[in-house]
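Residue strings, one per chain:
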Amino acid sequence: MGEHMGETTAAAPDAQQESVLLHRDGRAGRIVLNRPRAINALDLAMVRRIDAALDAWERDASVAVVVVSGAGERGLCAGGDVRAIRADVLAGGGEASRSFWREEYRLNARIARFGRRAGSASHGKHYVALMDGIVMGGGVGISAHGSVRVVTERSAVAMPETTIGFVPDVGGTYLLSRAPGELGTHLALTAAPVGAADALLCGLADAFVPAARLPQFAAALADQDVEQALRQYSGEAPPGRLAGQRAWIDACYSADTVEEILARLLDSDEPDAKEAAGLIAAKSPTSLKVTLAALRRARRLDTLEQVLEQEFRVSCATLTGPDLVEGVRAQVVDKDRSPHWTPPTLAEVDRAAVERHFAPAGLRPLFG
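Residues numbered from 1 in each chain as written. Predicted model: local features only at pLDDT ≥ 70, side-chain atom pairs only at ≥ 80, totals over all residues. Heavy atoms only, no water.

Draft legend 1. Layout of the overall build of the protein. Regarding its fold elements, the protein presents 16 helices and nine strands. Taking 2.2 N^0.38 as the reference for a compact globule, 368 residues should give roughly 21 Å; the C-alpha atoms of the protein span a radius of gyration of 20 Å, in line with that estimate. Residue burial in the protein is summarised as follows: out of 368 residues, 58% are buried. Here the protein has roughly 14,600 Å² of accessible surface; of this, 52% comes from carbon and sulfur atoms. (Helix = DSSP H or I, 4+ residues; strand = E, 2+ residues; numbered from the N terminus. Rg over C-alpha atoms; globule rule 2.2 N^0.38 Å. Buried < 20%, exposed > 50% of the residue type's maximum accessible area, 1.4 Å probe, protein only. Areas by Shrake-Rupley, 256 points an atom, 1.4 Å probe, with all protein chains shown as cover.)

Dropping the structure here:
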């Protein structure tokens, strides 16, 4: 999901078909997320339309590359519709949300499989994601699992879930658990967005193309190989911040508990470390502890599918707790930015409260 997701507005039924635009352009199949007023936030109809397009184009020998982009100037995708998820929980326990996540997470895995085939003899298809502007939560899920992830100087990539009492999903804990050192832990707990260079450093992106050249790059994919187009239009990203912060990030976030991470951050002489502590302290205590546990467990899982199964259990468990509903209220509905977390302190979140998020809970598996 993503913090911006609540900006979505309900689309009329006859407009749903146009929330994702599909067309062919030479050897490229193009997917355009088309809800610009909502920063192209995802809903179930969009997930299904993207999945159907991938089905069709994977079987079409004349399609060599699939390119996903977002309409408007604000970003590729700000996530899923958290207003709808909150309303679903309040109305009846979240069954629609569980159904949405099931199909969304399966699509995330599908995108990764599509991309992994790019180098094989029988499947030469790339999935190219144009990660311009805001790319958060579910937007990361439909882009960062692709085989070619392109960022620009306008990119702001984040998993902001702890801000709304949720936990990184859409394969986010898979990606962040595999970032160098403890960079992924830093991004997951603070929910901080990163720009192009830092997205590249963290393994969330593959190439930098200046925003002014992005249209030409995208157009070139109609008749050029992806590698050829990248050589022509890509460049060096403006300097980021995280490379110079690795020492304190790795030292502080390698702790075994959120409490110890916060203590190390506050004890650091680095102003940025103290700033990170402030960001973390404002998040849901339950979300923080579950997120740290999810990241550590994801490191020990071998495949994206295994991590998505874990995330599905965790996501569904959040529907039965108070913080997701309250976090969306504070950040998106009332926008008072003053959530009242339950429990309100890290000390009150015990091991059993964390472990319940990882229990199978009778859920049907996503895969297999």
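Draft legend 2. Expanded view of the sheet that holds strand E4 (residues 75-77). The sheet built from three strands is open, its strands ordered E4-E6-E8 with parallel pairing. Since the sheet does not close on itself, it has two edges, and those belong to E4 and strand E8 (156-158), each with one partner. Each strand axis lies, on average, 15 degrees off the axis of its neighbour in the sheet, ignoring direction. (Pairing = 2+ DSSP bridges. Axes fitted to C-alpha atoms, helices over the stretch in contact; angles between N-to-C directions.)

Draft legend 3. Region of the structure containing the packing of helix H11 (residues 258-267) against helix H13 (residues 285-300). With their axes 10 Å apart at the nearest point, H11 and H13 run at an angle of 100 degrees to one another. Relative to H13, the element H11 is oriented roughly perpendicular. Counted together, Val258, Glu259 and Ile261 of H11 and Leu288, Lys289 and Leu292 of H13 form the full contact between these two elements. When the residues that make up the contact of H11 with H13 are grouped by side-chain class, the tally is four nonpolar, no polar and two charged. (Parallel < 35°, antiparallel > 145°, perpendicular 65-115°, else oblique. Contact = heavy atoms within 4.5 Å. Nonpolar A, V, L, I, M, F, W, Y, C, P; charged D, E, K, R; others polar.)

Draft legend 4. Molecular detail of the environment of glutamine 245. Tracing the backbone shows glutamine 245 in the loop between helix H9 (226-233) and helix H10 (246-253). Between the alpha carbons of glutamine 245 and glutamate 103 there is a distance of 37 Å; along the sequence they are 142 residues apart.

Draft legend 5. The pattern of salt bridges, seen in detail. Applying the stated criterion across every chain, the model contains 23 salt bridges. With a shortest N-O distance of 2.6 Å, arginine 48 and glutamate 103 are connected by a salt bridge. In this pair, arginine 48 is assigned in helix H1 (residues 44-59) and glutamate 103 in helix H3 (residues 95-116), connecting sequence segments 55 residues apart. Overall, the relative accessible area of 45% leaves arginine 48 in the partly exposed class. You can call glutamate 103 partly exposed: its relative accessible area is 26%. For arginine 296, the salt bridge is made with glutamate 182, and the minimal N-O distance between the two is 3.4 Å. One end of the pair, arginine 296, is in helix H13; the other, glutamate 182, is in the loop between helix H5 (172-177) and helix H6 (183-190), and 114 residues separate them in sequence. Overall, arginine 296 belongs to the buried group, its relative accessible area being 18%. (Salt bridge = Lys/Arg side-chain N within 4 Å of Asp/Glu carboxyl O.)

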